[in-house]
Amino acid sequence: MNDFTFQNPTKIYFGKDQLKHLPTELSNSGKRVLLVYGGGSIKKTGLYDKLINLLENGKMEVFELGGIEPNPRHTTVNEGVKLCREKNIDMVLAVGGGSVIDASKGICATALAETDNVWDLVEAKKPIVKALPLYVILTIAATGSEMNGGAVISNLELKLKQGISGYSIRPKVSFLDPTLTYSVSKYQTACGSVDIMMHTIDTKYFSKDEKMDMIYRMMDEHLLTVVKWGPTALANPNDYEARANLMWASTWALNSFMTCGVVQAVSCHTMEHELSAVYDITHGHGLAILAPRWLEYILNEDTAKQIRRLGEKCFNVDQTLDDIKASKETIAKLKEFFFETLGLASTLKELNINDEKFKEMAINACNPHGVIKGYVDLYPEDVEAIYRMCL
Ligand code: NZQ
Ligand code: ZN
């Protein structure tokens, strides 16, 4: 187990009746707030009107940037930067999911940088040290962006989707009200559930180094939480217990807690970001298609010892099977959960994706070092082979 430092500055208000604290919290950062939101779900649900009332009663001056795209574009982030400078904005309030929060992180960071273009920060590959304060109202359980210091931005011109990170873009305060996720569609609920699980499976469950027993157990419980409550939320979107469990599981999957002492090693996410950069697909769906194929590809006598644990702990795989058989059964159960229980299409073909760009995408996924340094290192030929297995 490695030494670690853990500090997470994000204050969380969790529950049904917490938005009343919003004006007081915002007033700690000034008066002029940029409200950032997506394609309109917050208007349909009535959340927008409620917020405008709250903010006006709290004597805040509100400016707006709506229309943030899923897989947020760097050009839209740059519009937000311009607004922040023109209107002398004190803080950003992101209302939405990972896309809105990530775009807002990009706005907060670029507004205080010596550039108008968030892509310069992506390319600099340096931790962000200065940013406007960010407040979040989460409306979909998926990415964990509500309590972490990462953001993923898409550049359509370059066909790339890449990240920025830094302590200063962690949200100052996040409001997590599970009732706000009642309106999330079945499809997005399924994709979000996959993403939550994959933040454990893809980034830390399998690792070359030893994990603290407590952290390993937390990961098992975290995965079991989604296996239990994801299907409940699909069957009954207004089930508070289900939505609350998914929301809290989303937040804790990627807020640095479960990587304590573990070297984070990401494989499927890096491959998926290429898919959503080039084909604009939903992140969680791309992960669902990739994950079982990735496990099939890396399965050997060595990796089987860890892969079988996932099946035994989360899907009741028979403990008497040998390592390879137990791992194959684990992968079959994972497919069943993603494609049958959660109902997601299981191949890239069904998303109208063919192999035309795989070679180029595989090279991009391995940039800048020519390899994805994951649980098992993947080179462009490996990545291309995994994409082909997904067809
Ligand atoms: O845009 P609106 O109209 O709001 O609709 C959204 C969008 O179409 C809809 N939605 C959100 N809340 C809703 C709702 N519809 C009805 N009712 C509600 N309450 O859901 C759709 C998807 O929204 P999006 O924000 O894109 O979803 P998600 O939270 O899954 O975010 C995905 C983005 O986050 C990145 C992904 O790559 C992707 O770009 N990620 C960010 C991470 C991070 N910052 O830590 C880590 C992740 O691994 C991920 O890469
Ligand atoms: Zn993810």
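Summary of the structure given here. (Residues numbered from 1 in each chain as written. Chains lettered and ligands numbered in written order. Predicted model: local features only at pLDDT ≥ 70, side-chain atom pairs only at ≥ 80, totals over all residues. Heavy atoms only, no water.)

A look at the coordination of the zinc ion (ligand 2)
Next up, step 1: On the protein side, the zinc ion (ligand 2) has Asp-195 (OD), His-199 (NE2), His-269 (NE2) and His-283 (NE2) as donor atoms, found 2.0 to 2.2 Å from it.
Next up, step 2: Positions of the donor residues of the zinc ion (ligand 2) along the chain correspond to the pattern D-x3-H-x69-H-x13-H. Note that Asp-195 is positioned in helix α7 (residues 186-205) and His-269 in helix α10 (residues 268-279), a separation of 74 residues in sequence. (Donors = N, O, S within 2.8 Å, 3.2 Å for Na, K, Ca; no water. Helix = DSSP H or I, 4+ residues; strand = E, 2+ residues; numbered from the N terminus.)

Side note on the side chain of Thr-303
Next up, step 1: Considering the arrangement of structural elements, one finds Thr-303 in helix α12 (residues 301-315).
Next up, step 2: Thr-303 gets classed as buried once you look at its relative accessible area, which sits at 4%.
Next up, step 3: From its side chain, Thr-303 meets the backbone oxygen of Ile-298 in a polar contact 2.8 Å long.
Next up, step 4: Setting aside chain neighbours within four positions, we find Thr-303 in contact with Ile-298, Tyr-375 and Val-376. (Buried < 20%, exposed > 50% of the residue type's maximum accessible area, 1.4 Å probe, protein only. Polar contact = N/O pair within 3.5 Å; in protein donor to acceptor, adjacent residues only side chain to side chain. Contact = heavy atoms within 4.5 Å.)

Things to note about the pairing of strand β5 (residues 134-138)
Next up, step 1: Of all the 5 residues making up β5, 5 are buried; the element is thus mostly covered by neighbouring parts of the structure.
Next up, step 2: As judged from the 5 bridges shared by strand β4 (residues 91-96) and β5, these two strands associate in the parallel manner. Bridge pairing links Val-95 to Ile-137 in β5.
Next up, step 3: The pairing of β5 with strand β8 (residues 173-176) spans 4 bridges and is classified as parallel. For Tyr-135, the partnering residue across the bridge sits in β8 and is Val-173. (Pairing = 2+ DSSP bridges.)

Digging into helix α11 (residues 283-298)
Next up, step 1: Spanning 16 residues, α11 covers 22 Å between terminal C-alpha atoms, matching the ideal 22 Å at 1.5 Å per step.
Next up, step 2: The buried fraction of α11 amounts to 14 of the 16 residues, a majority that puts the element mostly inside the structure. (Expected span 1.5 Å × (residues − 1).)

What to know about the sheet that holds strand β2 (residues 32-37)
Next up, step 1: Strand order in this open sheet of 6 strands is β1-β8-β5-β4-β2-β3, and the pairing throughout is parallel. Sheet topology places β1 (11-14) and β3 (61-65) at the edges, where each strand pairs with a single neighbour. Strand-to-strand twist across the sheet, computed as the mean angle between neighbouring axes with direction ignored, equals 20°.
Next up, step 2: Lying over the sheet, helix α4 (residues 74-86) contacts β2, β3 and β4, oriented at roughly 155° with respect to β3. (Axes fitted to C-alpha atoms, helices over the stretch in contact; angles between N-to-C directions.)

Some thoughts on the site of ligand 1
Next up, step 1: Residues in contact with ligand 1 amount to 31 residues; listed here are only the nearest, Gly-39, Ser-41, Gly-98, Ser-99 and Lys-161.
Next up, step 2: Asn-71 places a polar side-chain atom, nitrogen or oxygen, 3.4 Å from an oxygen atom of ligand 1.
Next up, step 3: Interatomic distance of 2.8 Å between a side-chain N/O atom of His-199 and an oxygen atom of ligand 1.
Next up, step 4: In isolation ligand 1 offers 950 Å² of accessible surface; the protein chains occlude 87% of this area.
Next up, step 5: Where the shell around ligand 1 is concerned, the elements lending two or more residues are α5 (98-111), β6 (150-155), α7 and α10.
Next up, step 6: Taken together, the residues of the shell around ligand 1 break down into 9 nonpolar, 19 polar and 3 charged. (Near = heavy atom within 4 Å. Areas by Shrake-Rupley, 256 points an atom, 1.4 Å probe, with all protein chains shown as cover. Nonpolar A, V, L, I, M, F, W, Y, C, P; charged D, E, K, R; others polar.)

With respect to α10
Next up, step 1: For α10, spanning 12 residues, the distance from its first C-alpha to its last is 16 Å, which sits close to the expected 16 Å at 1.5 Å a residue.
Next up, step 2: With 10 of 12 residues buried, α10 lies mostly within the body of the structure.
Next up, step 3: When α10 is considered as a whole, its buried residues turn out to be Cys-268, His-269, Met-271, Glu-272, His-273, Glu-274, Leu-275, Ser-276, Ala-277 and Val-278.
Next up, step 4: For α10, the elements touching its buried residues are β6, β7 (160-165), α7, α11, α14 (358-366) and α15 (380-389).
Next up, step 5: Following α10 by one or two positions, Asp-280 adopts a phi angle in the positive range, close to 55°.

Quick word on a negative patch on the surface
Next up, step 1: Taken together, the side chains of Asp-318, Glu-329, Glu-336 and Glu-340 present a region of like negative charge at the surface.
Next up, step 2: Take Glu-340: it is sitting in helix α13 (residues 323-341).
Next up, step 3: Residue Glu-340 is classed as exposed on the basis of its relative accessible area, which comes to 63%. (Patch = residues over 30% accessible without salt bridge, like charges linked within 9 Å, V, L, I, M, F, W, Y side chains within 5 Å. Salt bridge = Lys/Arg side-chain N within 4 Å of Asp/Glu carboxyl O. Lys, Arg positive; Asp, Glu negative; His and termini not counted. Charge placed at Lys NZ, Arg CZ, Asp CG, Glu CD.)

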